[in-house]
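Chain and residue survey
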Amino acid sequence: MFDANGLLQRRTWRYVAALFLMAAAPAQGPAAGHEAPPATRSILDGPEPARSGTPAWFGLRPPGPETDPVTGVFETIRTDLPARPALFVSGPMSPLFKGAALHADMAAIVGFSHESRAAGDYLWGRVTGRPAYEKTANWVAAQLRAATYADTRLEPFHITDVNLPVAGEVRLIGSTEMGPESRDIVLQSAMVQGVGPVNGTVTAPMVYAGMGMDADLAGRDLHGKIAVILAFPAPSLYAPIPARRTEAAIRAGAVGVVEILVQAGNLKSFDRDRHGCGRGLCFTVGGEDGFFLLNLLGEAARAGRTVNARLSARSETLNTQVSNVVATLPGKTARTVIIDAHIDGWFGGADDNASGVAIMLALARHFAQAPQLDRTLVFVASAGHHSPGASGLAAFRARHDAGHVAQADLILNIEHPAQTATMRSYVDQQDDNFGRRVIAASGDLPKQIAINNGAPYLIDLWRQGIECFGLDAQRIIDRPLPGELKAFAQRPEIPQTQMIASGAVYHTTGDDLYAVPPEGLERAAQFYAHFIAEVANAPTELLRGGTWTPARQCPPTP
(Lines give C-alpha, C1' and ligand atoms only; values in the text may rest on other atoms or scores of the structure.)
Protein backbone atom coordinates (compact mmCIF):
# COMPACT_ATOMS: atom_id res chain seq x y z
CA MET A 1 0.00 0.00 0.00
CA PHE A 2 1.42 3.34 -1.04
CA ASP A 3 0.10 6.84 -0.74
CA ALA A 4 -0.03 9.38 -3.56
CA ASN A 5 3.69 10.02 -3.22
CA GLY A 6 4.56 6.35 -3.50
CA LEU A 7 5.65 6.14 0.15
CA LEU A 8 4.97 3.01 2.12
CA GLN A 9 2.53 3.88 4.86
CA ARG A 10 4.03 3.49 8.29
CA ARG A 11 2.99 0.63 10.54
CA THR A 12 0.31 -0.69 8.19
CA TRP A 13 2.46 -2.90 5.96
CA ARG A 14 3.32 -5.47 8.56
CA TYR A 15 -0.32 -6.19 9.32
CA VAL A 16 -1.40 -6.39 5.71
CA ALA A 17 1.53 -8.69 5.02
CA ALA A 18 0.41 -10.88 7.90
CA LEU A 19 -2.74 -11.68 5.97
CA PHE A 20 -0.72 -13.50 3.32
CA LEU A 21 2.55 -14.67 4.82
CA MET A 22 2.54 -18.37 5.61
CA ALA A 23 4.49 -19.77 8.53
CA ALA A 24 6.03 -23.20 7.83
CA ALA A 25 5.14 -25.83 10.41
CA PRO A 26 6.72 -29.26 11.07
CA ALA A 27 4.92 -32.39 9.94
CA GLN A 28 2.33 -33.49 12.49
CA GLY A 29 0.23 -35.93 10.44
CA PRO A 30 0.38 -39.69 10.79
CA ALA A 31 2.03 -40.32 7.42
CA ALA A 32 5.76 -39.71 7.27
CA GLY A 33 6.88 -37.33 4.57
CA HIS A 34 3.59 -35.45 4.46
CA GLU A 35 3.77 -31.87 5.66
CA ALA A 36 0.91 -30.14 7.39
CA PRO A 37 -0.54 -27.14 5.54
CA PRO A 38 1.24 -23.90 6.44
CA ALA A 39 -0.43 -21.97 9.28
CA THR A 40 -2.05 -18.70 8.32
CA ARG A 41 -2.61 -15.78 10.68
CA SER A 42 -4.52 -12.67 9.73
CA ILE A 43 -4.95 -9.33 11.39
CA LEU A 44 -8.32 -10.63 12.55
CA ASP A 45 -6.61 -13.25 14.72
CA GLY A 46 -5.53 -12.39 18.23
CA PRO A 47 -1.74 -12.44 18.69
CA GLU A 48 0.10 -15.03 20.68
CA PRO A 49 1.58 -13.65 23.92
CA ALA A 50 5.18 -12.53 23.61
CA ARG A 51 7.81 -15.19 24.30
CA SER A 52 11.17 -14.70 25.97
CA GLY A 53 13.12 -17.52 24.33
CA THR A 54 14.02 -18.89 27.78
CA PRO A 55 12.32 -21.58 29.89
CA ALA A 56 11.68 -19.21 32.80
CA TRP A 57 8.02 -18.50 33.57
CA PHE A 58 6.86 -21.04 30.98
CA GLY A 59 8.70 -19.11 28.30
CA LEU A 60 6.49 -16.02 28.61
CA ARG A 61 8.25 -12.70 28.22
CA PRO A 62 8.04 -10.85 31.55
CA PRO A 63 6.18 -7.53 31.48
CA GLY A 64 8.14 -4.34 31.11
CA PRO A 65 8.40 -1.36 33.45
CA GLU A 66 5.60 1.00 34.35
CA THR A 67 4.67 3.25 31.41
CA ASP A 68 6.60 6.53 31.46
CA PRO A 69 3.96 9.20 32.20
CA VAL A 70 5.79 11.80 30.11
CA THR A 71 5.95 9.58 27.02
CA GLY A 72 2.44 8.31 27.63
CA VAL A 73 0.43 5.38 26.33
CA PHE A 74 -0.55 6.80 22.96
CA GLU A 75 1.21 9.10 20.50
CA THR A 76 -0.10 12.67 20.15
CA ILE A 77 2.94 14.48 18.74
CA ARG A 78 4.37 12.39 15.89
CA THR A 79 1.13 11.54 14.12
CA ASP A 80 0.09 11.48 10.47
CA LEU A 81 -3.00 13.62 11.06
CA PRO A 82 -3.50 16.54 13.44
CA ALA A 83 -5.88 17.09 16.32
CA ARG A 84 -9.08 18.82 15.24
CA PRO A 85 -8.30 22.55 15.16
CA ALA A 86 -10.08 25.08 17.35
CA LEU A 87 -12.25 27.07 14.93
CA PHE A 88 -14.70 29.79 15.92
CA VAL A 89 -16.82 32.56 14.46
CA SER A 90 -15.27 36.01 14.38
CA GLY A 91 -14.77 37.96 17.59
CA PRO A 92 -12.13 39.58 19.81
CA MET A 93 -10.28 36.22 20.19
CA SER A 94 -8.43 37.03 23.41
CA PRO A 95 -4.84 35.73 23.41
CA LEU A 96 -5.47 34.58 27.00
CA PHE A 97 -7.47 31.68 25.55
CA LYS A 98 -4.92 30.48 23.03
CA GLY A 99 -4.24 26.80 23.42
CA ALA A 100 -0.49 27.27 23.83
CA ALA A 101 -0.94 29.74 26.72
CA LEU A 102 -3.41 27.46 28.48
CA HIS A 103 -1.16 24.44 27.96
CA ALA A 104 1.77 26.35 29.51
CA ASP A 105 -0.20 27.01 32.70
CA MET A 106 -1.33 23.40 32.77
CA ALA A 107 2.30 22.30 32.43
CA ALA A 108 3.29 24.47 35.40
CA ILE A 109 0.62 22.78 37.52
CA VAL A 110 1.55 19.27 36.36
CA GLY A 111 5.15 20.19 37.21
CA PHE A 112 4.24 20.21 40.91
CA SER A 113 2.99 16.65 40.52
CA HIS A 114 6.26 15.60 38.93
CA GLU A 115 8.16 17.08 41.87
CA SER A 116 6.24 14.63 44.03
CA ARG A 117 7.17 11.78 41.69
CA ALA A 118 10.84 12.82 41.75
CA ALA A 119 10.71 12.80 45.57
CA GLY A 120 9.81 9.11 45.41
CA ASP A 121 6.21 9.31 46.60
CA TYR A 122 4.40 6.01 46.02
CA LEU A 123 1.08 7.79 45.42
CA TRP A 124 2.48 10.84 43.69
CA GLY A 125 0.74 13.95 42.50
CA ARG A 126 -0.89 17.07 43.92
CA VAL A 127 -2.24 15.09 46.84
CA THR A 128 -4.21 17.13 49.35
CA GLY A 129 -2.24 17.46 52.58
CA ARG A 130 1.15 16.88 50.97
CA PRO A 131 3.81 19.40 49.80
CA ALA A 132 2.96 19.31 46.07
CA TYR A 133 -0.60 20.37 46.82
CA GLU A 134 0.54 23.24 49.04
CA LYS A 135 2.93 24.47 46.31
CA THR A 136 0.12 24.34 43.76
CA ALA A 137 -2.26 26.32 45.97
CA ASN A 138 0.37 29.01 46.59
CA TRP A 139 1.15 29.21 42.86
CA VAL A 140 -2.54 29.59 41.95
CA ALA A 141 -2.93 32.31 44.57
CA ALA A 142 0.08 34.17 43.13
CA GLN A 143 -1.40 33.97 39.63
CA LEU A 144 -4.69 35.46 40.81
CA ARG A 145 -2.96 38.26 42.68
CA ALA A 146 -0.94 39.04 39.57
CA ALA A 147 -4.24 39.29 37.68
CA THR A 148 -5.20 42.18 40.06
CA TYR A 149 -7.35 40.08 42.42
CA ALA A 150 -6.14 41.86 45.54
CA ASP A 151 -8.54 39.97 47.82
CA THR A 152 -7.07 36.56 46.88
CA ARG A 153 -6.78 34.48 50.02
CA LEU A 154 -5.89 31.02 51.22
CA GLU A 155 -8.81 29.75 53.28
CA PRO A 156 -7.61 27.00 55.65
CA PHE A 157 -9.67 24.09 56.92
CA HIS A 158 -8.86 20.87 58.74
CA ILE A 159 -8.90 17.44 57.13
CA THR A 160 -9.30 14.30 59.21
CA ASP A 161 -8.65 10.59 58.73
CA VAL A 162 -7.51 10.77 55.11
CA ASN A 163 -5.87 7.39 54.48
CA LEU A 164 -3.30 7.14 51.70
CA PRO A 165 -1.00 4.30 50.61
CA VAL A 166 2.73 4.95 51.01
CA ALA A 167 4.06 1.58 49.81
CA GLY A 168 2.76 -1.50 48.05
CA GLU A 169 3.97 -4.48 46.05
CA VAL A 170 2.67 -7.47 44.11
CA ARG A 171 5.50 -10.02 43.86
CA LEU A 172 5.16 -13.22 41.86
CA ILE A 173 7.26 -15.86 43.63
CA GLY A 174 9.76 -17.50 41.33
CA SER A 175 10.42 -21.24 41.54
CA THR A 176 11.49 -24.12 39.32
CA GLU A 177 7.81 -25.07 39.06
CA MET A 178 7.41 -22.01 36.84
CA GLY A 179 10.35 -23.17 34.72
CA PRO A 180 14.13 -23.16 35.26
CA GLU A 181 15.60 -19.82 36.35
CA SER A 182 12.19 -18.37 37.20
CA ARG A 183 13.09 -15.54 39.59
CA ASP A 184 10.67 -13.29 41.43
CA ILE A 185 8.81 -10.75 39.31
CA VAL A 186 7.48 -7.52 40.84
CA LEU A 187 4.54 -6.15 38.83
CA GLN A 188 5.53 -2.53 38.27
CA SER A 189 2.03 -1.16 37.71
CA ALA A 190 0.58 -2.61 40.92
CA MET A 191 -1.20 -0.05 43.10
CA VAL A 192 -2.89 -0.43 46.49
CA GLN A 193 -6.60 0.38 46.51
CA GLY A 194 -9.26 0.67 49.21
CA VAL A 195 -10.55 3.27 51.63
CA GLY A 196 -7.71 2.35 53.98
CA PRO A 197 -5.72 2.26 56.00
CA VAL A 198 -4.40 -0.79 54.12
CA ASN A 199 -1.51 -2.44 55.92
CA GLY A 200 -0.06 -5.94 55.94
CA THR A 201 1.60 -8.73 54.00
CA VAL A 202 0.26 -12.03 52.74
CA THR A 203 1.79 -14.84 50.68
CA ALA A 204 -0.69 -17.18 49.06
CA PRO A 205 -1.56 -19.08 45.87
CA MET A 206 -3.29 -17.13 43.11
CA VAL A 207 -6.62 -18.23 41.65
CA TYR A 208 -8.23 -16.73 38.56
CA ALA A 209 -11.84 -15.81 39.35
CA GLY A 210 -13.01 -14.35 36.04
CA MET A 211 -14.68 -10.99 36.49
CA GLY A 212 -15.58 -11.77 40.08
CA MET A 213 -19.26 -12.07 39.23
CA ASP A 214 -21.41 -14.49 41.19
CA ALA A 215 -21.26 -16.95 38.30
CA ASP A 216 -17.46 -16.77 38.38
CA LEU A 217 -17.25 -17.30 42.13
CA ALA A 218 -19.83 -20.05 42.42
CA GLY A 219 -18.14 -23.29 43.43
CA ARG A 220 -14.69 -21.70 43.41
CA ASP A 221 -12.61 -22.06 46.58
CA LEU A 222 -11.01 -18.69 47.33
CA HIS A 223 -10.36 -19.27 51.05
CA GLY A 224 -6.78 -18.40 51.90
CA LYS A 225 -6.02 -17.50 48.27
CA ILE A 226 -5.32 -14.36 46.23
CA ALA A 227 -8.15 -13.84 43.75
CA VAL A 228 -7.24 -12.49 40.32
CA ILE A 229 -10.15 -10.80 38.57
CA LEU A 230 -10.61 -8.89 35.34
CA ALA A 231 -12.26 -5.47 34.86
CA PHE A 232 -12.85 -3.36 31.79
CA PRO A 233 -12.72 0.43 32.23
CA ALA A 234 -15.63 1.57 30.08
CA PRO A 235 -14.35 3.99 29.15
CA SER A 236 -12.58 4.67 32.45
CA LEU A 237 -12.15 3.62 36.06
CA TYR A 238 -15.18 5.79 36.85
CA ALA A 239 -17.45 3.16 35.33
CA PRO A 240 -15.63 -0.18 35.08
CA ILE A 241 -17.38 -3.32 33.88
CA PRO A 242 -18.03 -5.02 36.22
CA ALA A 243 -17.85 -2.68 39.23
CA ARG A 244 -16.81 -3.35 42.85
CA ARG A 245 -16.17 -7.07 42.47
CA THR A 246 -13.09 -7.08 44.72
CA GLU A 247 -15.55 -6.83 47.58
CA ALA A 248 -17.29 -10.03 46.46
CA ALA A 249 -13.97 -11.88 46.23
CA ILE A 250 -13.03 -10.86 49.77
CA ARG A 251 -16.44 -11.99 51.05
CA ALA A 252 -15.82 -15.32 49.32
CA GLY A 253 -12.74 -15.84 51.49
CA ALA A 254 -9.88 -14.39 49.44
CA VAL A 255 -7.00 -13.00 51.53
CA GLY A 256 -6.16 -10.53 48.78
CA VAL A 257 -7.27 -9.46 45.32
CA VAL A 258 -5.39 -8.43 42.19
CA GLU A 259 -7.72 -6.68 39.74
CA ILE A 260 -6.44 -6.64 36.17
CA LEU A 261 -7.49 -3.48 34.33
CA VAL A 262 -7.85 -4.00 30.59
CA GLN A 263 -6.30 -0.70 29.55
CA ALA A 264 -3.47 0.73 27.47
CA GLY A 265 0.17 0.44 28.48
CA ASN A 266 1.31 -0.50 31.96
CA LEU A 267 -0.30 2.24 34.01
CA LYS A 268 -0.66 2.64 37.72
CA SER A 269 -4.12 3.71 38.81
CA PHE A 270 -5.64 4.90 42.05
CA ASP A 271 -9.32 5.27 42.75
CA ARG A 272 -9.48 4.69 46.50
CA ASP A 273 -12.46 2.45 47.29
CA ARG A 274 -14.36 2.61 44.02
CA HIS A 275 -13.20 -1.02 43.62
CA GLY A 276 -14.97 -1.95 46.87
CA CYS A 277 -12.18 -3.51 48.93
CA GLY A 278 -12.32 -1.35 52.05
CA ARG A 279 -9.23 -2.19 54.11
CA GLY A 280 -8.35 -5.47 52.41
CA LEU A 281 -5.13 -6.19 50.53
CA CYS A 282 -6.41 -5.27 47.07
CA PHE A 283 -4.38 -4.06 44.12
CA THR A 284 -4.98 -3.02 40.55
CA VAL A 285 -2.45 -3.78 37.81
CA GLY A 286 -2.19 -2.26 34.34
CA GLY A 287 -2.79 -3.88 30.98
CA GLU A 288 0.70 -5.24 30.29
CA ASP A 289 1.19 -6.67 33.78
CA GLY A 290 -2.32 -8.07 33.69
CA PHE A 291 -1.90 -9.68 30.27
CA PHE A 292 1.25 -11.43 31.46
CA LEU A 293 -0.38 -12.57 34.70
CA LEU A 294 -3.45 -13.92 32.94
CA ASN A 295 -1.34 -15.90 30.45
CA LEU A 296 0.90 -17.12 33.27
CA LEU A 297 -2.08 -18.47 35.21
CA GLY A 298 -3.22 -20.26 32.06
CA GLU A 299 0.19 -21.83 31.43
CA ALA A 300 0.47 -22.90 35.07
CA ALA A 301 -3.00 -24.47 35.03
CA ARG A 302 -2.15 -26.49 31.91
CA ALA A 303 1.00 -27.74 33.64
CA GLY A 304 -0.82 -28.53 36.88
CA ARG A 305 1.17 -25.88 38.77
CA THR A 306 0.19 -23.06 41.13
CA VAL A 307 1.38 -19.46 40.92
CA ASN A 308 2.18 -17.99 44.33
CA ALA A 309 2.43 -14.31 45.13
CA ARG A 310 3.20 -11.96 48.00
CA LEU A 311 1.09 -8.83 48.51
CA SER A 312 2.29 -6.09 50.82
CA ALA A 313 0.99 -2.61 51.63
CA ARG A 314 1.57 0.23 54.04
CA SER A 315 -0.53 3.36 54.57
CA GLU A 316 -0.54 6.64 56.43
CA THR A 317 -3.41 8.70 57.87
CA LEU A 318 -3.43 12.48 57.42
CA ASN A 319 -4.94 14.85 59.98
CA THR A 320 -3.76 18.29 59.00
CA GLN A 321 -4.67 21.73 57.71
CA VAL A 322 -5.04 22.52 54.00
CA SER A 323 -6.37 25.50 52.10
CA ASN A 324 -8.67 26.49 49.27
CA VAL A 325 -7.80 29.53 47.17
CA VAL A 326 -10.62 32.08 46.79
CA ALA A 327 -10.76 35.36 44.86
CA THR A 328 -13.64 37.63 43.88
CA LEU A 329 -14.34 40.07 41.06
CA PRO A 330 -17.01 42.53 42.21
CA GLY A 331 -20.00 42.97 39.94
CA LYS A 332 -22.67 45.64 39.89
CA THR A 333 -24.59 43.61 42.50
CA ALA A 334 -23.71 41.27 45.36
CA ARG A 335 -25.41 38.33 43.61
CA THR A 336 -22.77 35.75 42.66
CA VAL A 337 -21.68 33.26 40.06
CA ILE A 338 -19.37 30.74 41.74
CA ILE A 339 -16.72 29.19 39.47
CA ASP A 340 -14.89 26.21 40.90
CA ALA A 341 -11.97 24.05 39.73
CA HIS A 342 -10.30 21.56 42.05
CA ILE A 343 -6.49 21.79 42.11
CA ASP A 344 -5.59 18.44 43.68
CA GLY A 345 -4.94 15.41 41.51
CA TRP A 346 -3.57 11.88 41.51
CA PHE A 347 -0.32 11.45 39.56
CA GLY A 348 0.20 14.04 36.79
CA GLY A 349 -3.46 15.02 36.86
CA ALA A 350 -3.22 16.95 33.58
CA ASP A 351 -6.85 16.69 32.54
CA ASP A 352 -7.90 15.98 36.14
CA ASN A 353 -7.74 18.82 36.85
CA ALA A 354 -4.75 20.96 35.85
CA SER A 355 -6.64 21.67 32.61
CA GLY A 356 -9.64 23.01 34.52
CA VAL A 357 -7.46 25.18 36.77
CA ALA A 358 -5.54 26.59 33.79
CA ILE A 359 -8.82 27.54 32.13
CA MET A 360 -10.18 29.08 35.34
CA LEU A 361 -7.06 31.24 35.66
CA ALA A 362 -7.42 32.44 32.06
CA LEU A 363 -11.06 33.30 32.75
CA ALA A 364 -10.08 35.26 35.87
CA ARG A 365 -7.51 37.26 33.90
CA HIS A 366 -9.98 37.88 31.07
CA PHE A 367 -12.83 39.16 33.22
CA ALA A 368 -10.49 41.33 35.29
CA GLN A 369 -9.89 43.30 32.05
CA ALA A 370 -13.49 43.18 30.76
CA PRO A 371 -16.42 45.55 31.43
CA GLN A 372 -18.02 45.03 34.82
CA LEU A 373 -20.64 42.28 34.94
CA ASP A 374 -23.94 42.43 36.80
CA ARG A 375 -23.04 39.60 39.15
CA THR A 376 -19.93 39.16 41.27
CA LEU A 377 -17.64 36.33 40.14
CA VAL A 378 -16.24 34.11 42.89
CA PHE A 379 -13.32 31.93 41.82
CA VAL A 380 -12.62 28.87 43.98
CA ALA A 381 -9.54 26.67 43.53
CA SER A 382 -10.52 23.84 45.83
CA ALA A 383 -8.71 21.12 47.76
CA GLY A 384 -9.57 17.57 48.59
CA HIS A 385 -11.73 16.52 45.65
CA HIS A 386 -10.04 13.11 45.58
CA SER A 387 -9.89 12.63 49.35
CA PRO A 388 -13.07 11.85 51.31
CA GLY A 389 -12.93 13.79 54.54
CA ALA A 390 -11.13 16.66 52.79
CA SER A 391 -13.68 18.24 50.44
CA GLY A 392 -12.55 21.77 49.76
CA LEU A 393 -15.79 22.79 48.05
CA ALA A 394 -17.78 21.55 51.04
CA ALA A 395 -15.50 23.60 53.30
CA PHE A 396 -16.09 26.66 51.08
CA ARG A 397 -19.84 26.10 51.26
CA ALA A 398 -19.73 25.93 55.06
CA ARG A 399 -17.54 29.04 55.40
CA HIS A 400 -19.56 31.18 52.97
CA ASP A 401 -23.03 29.78 53.53
CA ALA A 402 -24.39 33.16 54.66
CA GLY A 403 -22.42 35.13 52.06
CA HIS A 404 -21.32 34.02 48.60
CA VAL A 405 -23.43 30.85 48.74
CA ALA A 406 -26.58 32.64 49.93
CA GLN A 407 -26.12 35.13 47.09
CA ALA A 408 -25.39 32.48 44.43
CA ASP A 409 -27.47 32.47 41.25
CA LEU A 410 -25.30 29.81 39.57
CA ILE A 411 -22.40 27.46 40.32
CA LEU A 412 -20.17 26.36 37.44
CA ASN A 413 -17.74 23.49 37.93
CA ILE A 414 -14.77 23.29 35.51
CA GLU A 415 -13.47 19.72 35.65
CA HIS A 416 -11.76 17.41 33.11
CA PRO A 417 -12.58 19.69 30.15
CA ALA A 418 -10.11 18.72 27.43
CA GLN A 419 -8.72 15.18 27.28
CA THR A 420 -8.07 13.81 23.81
CA ALA A 421 -10.40 11.14 22.48
CA THR A 422 -8.98 7.65 22.00
CA MET A 423 -9.94 4.54 20.10
CA ARG A 424 -8.69 1.03 19.43
CA SER A 425 -6.60 0.68 16.28
CA TYR A 426 -8.20 -1.42 13.55
CA VAL A 427 -4.89 -3.05 12.62
CA ASP A 428 -2.21 -2.51 15.25
CA GLN A 429 -2.07 -5.72 17.24
CA GLN A 430 0.05 -6.16 20.35
CA ASP A 431 1.53 -9.25 21.94
CA ASP A 432 2.05 -7.73 25.39
CA ASN A 433 -1.44 -6.42 26.16
CA PHE A 434 -5.11 -7.05 25.56
CA GLY A 435 -6.71 -6.31 22.21
CA ARG A 436 -5.49 -3.84 19.64
CA ARG A 437 -3.44 -0.82 20.55
CA VAL A 438 -5.12 2.32 21.94
CA ILE A 439 -4.45 5.35 19.75
CA ALA A 440 -5.38 9.04 19.82
CA ALA A 441 -8.30 10.27 17.73
CA SER A 442 -8.61 13.75 16.25
CA GLY A 443 -11.28 15.12 18.58
CA ASP A 444 -11.81 15.61 22.30
CA LEU A 445 -13.18 13.02 24.69
CA PRO A 446 -17.01 13.41 24.70
CA LYS A 447 -18.24 14.95 27.95
CA GLN A 448 -21.20 14.65 30.21
CA ILE A 449 -23.17 17.90 30.43
CA ALA A 450 -25.41 18.30 33.46
CA ILE A 451 -27.76 21.04 34.67
CA ASN A 452 -29.42 20.32 37.98
CA ASN A 453 -32.62 22.24 37.18
CA GLY A 454 -32.80 21.61 33.42
CA ALA A 455 -33.20 25.35 32.69
CA PRO A 456 -33.91 25.86 28.94
CA TYR A 457 -31.71 28.96 28.88
CA LEU A 458 -28.72 27.00 30.21
CA ILE A 459 -29.42 24.13 27.81
CA ASP A 460 -29.33 26.64 24.96
CA LEU A 461 -25.96 27.97 26.09
CA TRP A 462 -24.53 24.44 26.07
CA ARG A 463 -26.06 23.92 22.62
CA GLN A 464 -24.08 26.96 21.48
CA GLY A 465 -21.00 25.32 22.99
CA ILE A 466 -21.41 22.41 20.60
CA GLU A 467 -22.57 24.29 17.50
CA CYS A 468 -20.43 27.43 17.82
CA PHE A 469 -17.39 26.41 19.88
CA GLY A 470 -16.91 22.81 18.79
CA LEU A 471 -17.38 21.04 22.13
CA ASP A 472 -17.70 17.25 22.06
CA ALA A 473 -20.46 16.08 24.37
CA GLN A 474 -23.23 13.61 24.93
CA ARG A 475 -26.56 14.58 23.36
CA ILE A 476 -28.56 14.18 26.55
CA ILE A 477 -28.55 16.77 29.33
CA ASP A 478 -28.31 15.05 32.73
CA ARG A 479 -29.56 16.44 36.00
CA PRO A 480 -27.30 14.47 38.38
CA LEU A 481 -23.92 16.15 38.84
CA PRO A 482 -21.10 13.65 39.44
CA GLY A 483 -17.72 14.94 40.54
CA GLU A 484 -16.96 18.10 42.48
CA LEU A 485 -20.52 19.42 42.69
CA LYS A 486 -21.54 16.60 45.03
CA ALA A 487 -20.54 19.14 47.69
CA PHE A 488 -23.66 21.14 46.77
CA ALA A 489 -26.04 18.19 46.42
CA GLN A 490 -27.96 19.48 49.47
CA ARG A 491 -28.52 22.87 47.80
CA PRO A 492 -30.67 21.99 44.76
CA GLU A 493 -32.30 25.42 44.78
CA ILE A 494 -29.02 26.89 43.44
CA PRO A 495 -28.65 26.35 39.68
CA GLN A 496 -25.57 24.22 39.08
CA THR A 497 -23.95 23.01 35.87
CA GLN A 498 -20.82 21.38 34.51
CA MET A 499 -19.11 19.63 31.61
CA ILE A 500 -17.04 16.64 32.71
CA ALA A 501 -15.50 13.47 31.29
CA SER A 502 -13.39 10.52 32.35
CA GLY A 503 -11.49 8.64 29.68
CA ALA A 504 -8.80 6.06 29.11
CA VAL A 505 -6.22 7.67 31.42
CA TYR A 506 -8.56 8.90 34.18
CA HIS A 507 -6.95 8.48 37.63
CA THR A 508 -3.88 6.80 36.13
CA THR A 509 -0.25 7.71 35.57
CA GLY A 510 -1.24 8.21 31.92
CA ASP A 511 -3.06 11.47 32.71
CA ASP A 512 -0.21 13.75 31.72
CA LEU A 513 0.52 16.63 29.35
CA TYR A 514 0.55 14.61 26.11
CA ALA A 515 -3.09 13.56 26.70
CA VAL A 516 -4.56 17.09 26.69
CA PRO A 517 -4.41 18.87 23.32
CA PRO A 518 -4.07 22.66 23.27
CA GLU A 519 -6.97 22.76 20.80
CA GLY A 520 -9.29 21.15 23.34
CA LEU A 521 -8.25 23.63 26.02
CA GLU A 522 -8.92 26.52 23.67
CA ARG A 523 -12.39 25.27 22.74
CA ALA A 524 -13.38 24.89 26.36
CA ALA A 525 -11.90 28.23 27.49
CA GLN A 526 -13.54 30.25 24.72
CA PHE A 527 -16.89 28.68 25.47
CA TYR A 528 -16.64 29.19 29.23
CA ALA A 529 -15.82 32.87 28.69
CA HIS A 530 -19.00 33.24 26.61
CA PHE A 531 -21.03 31.19 29.09
CA ILE A 532 -19.93 33.19 32.13
CA ALA A 533 -20.50 36.55 30.44
CA GLU A 534 -24.03 35.46 29.56
CA VAL A 535 -25.08 33.98 32.91
CA ALA A 536 -23.50 36.81 34.90
CA ASN A 537 -25.85 39.27 33.17
CA ALA A 538 -28.92 37.08 32.65
CA PRO A 539 -32.27 37.56 34.42
CA THR A 540 -32.55 35.33 37.48
CA GLU A 541 -35.73 33.65 36.24
CA LEU A 542 -33.87 32.31 33.20
CA LEU A 543 -31.22 30.68 35.38
CA ARG A 544 -33.94 29.12 37.48
CA GLY A 545 -35.75 27.52 34.55
CA GLY A 546 -37.96 30.20 33.01
CA THR A 547 -39.20 30.08 29.42
CA TRP A 548 -36.55 30.79 26.80
CA THR A 549 -36.47 30.97 23.00
CA PRO A 550 -33.19 29.50 21.67
CA ALA A 551 -30.74 31.81 19.96
CA ARG A 552 -30.41 31.44 16.21
CA GLN A 553 -26.92 32.72 15.50
CA CYS A 554 -23.51 32.00 16.96
CA PRO A 555 -22.17 34.68 19.30
CA PRO A 556 -18.87 36.49 18.76
CA THR A 557 -15.91 34.56 20.12
CA PRO A 558 -14.50 36.17 23.32
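Residues numbered from 1 in each chain as written. Predicted model: local features only at pLDDT ≥ 70, side-chain atom pairs only at ≥ 80, totals over all residues. Heavy atoms only, no water.

With 20 residues, helix H10 (residues 518-537) extends 29 Å from end C-alpha to end C-alpha; this agrees with the ideal 28 Å at 1.5 Å per step. Taking burial as the measure, the 20 residues of H10 include 15 buried ones, the bulk of the element. (Helix = DSSP H or I, 4+ residues; strand = E, 2+ residues; numbered from the N terminus. Expected span 1.5 Å × (residues − 1). Buried < 20%, exposed > 50% of the residue type's maximum accessible area, 1.4 Å probe, protein only.)

With that out of the way, let us pick up the environment of Thr540. Its place among the elements puts Thr540 in helix H11 (residues 540-543). Linking Thr540 and Val170, residues 370 residues apart in sequence, is a C-alpha distance of 56 Å. Reaching out from Thr540, the side chain makes a polar contact with the side chain of Arg375 at a distance of 3.1 Å. (Polar contact = N/O pair within 3.5 Å; in protein donor to acceptor, adjacent residues only side chain to side chain.)

We now examine the environment of Ala450. Tracing the chain through its elements places Ala450 in strand S19 (residues 447-451). Discounting chain neighbours no more than four positions away, the residues touching Ala450 are Asp478, Pro480, Leu481, Gln496, Thr497 and Gln498. (Contact = heavy atoms within 4.5 Å.)

This next bit is on helix H2 (residues 99-118). An ideal rise of 1.5 Å per residue puts 28 Å on 20 residues; H2 measures up with 28 Å between its terminal C-alpha atoms. Considered for burial, the residues of H2 that qualify are Gly99, Leu102, His103, Asp105, Met106, Ile109, Val110, Phe112, Ser113, His114 and Ser116. One or two positions beyond H2, positive phi appears at Gly120, with a value near 90°.

This part covers a nonpolar patch on the surface. Together, Met211, Met213, Phe232 and Ile241 give the surface a local cluster of nonpolar side chains, amounting to about 320 Å² of exposed area. In this fold, Met211 is placed in the loop between strand S7 (200-208) and helix H4 (214-217). Looking at Met211, the relative accessible area reads 31%, which means it is partly exposed. (Patch = residues over 30% accessible without salt bridge, like charges linked within 9 Å, V, L, I, M, F, W, Y side chains within 5 Å. Areas by Shrake-Rupley, 256 points an atom, 1.4 Å probe, with all protein chains shown as cover. Salt bridge = Lys/Arg side-chain N within 4 Å of Asp/Glu carboxyl O.)

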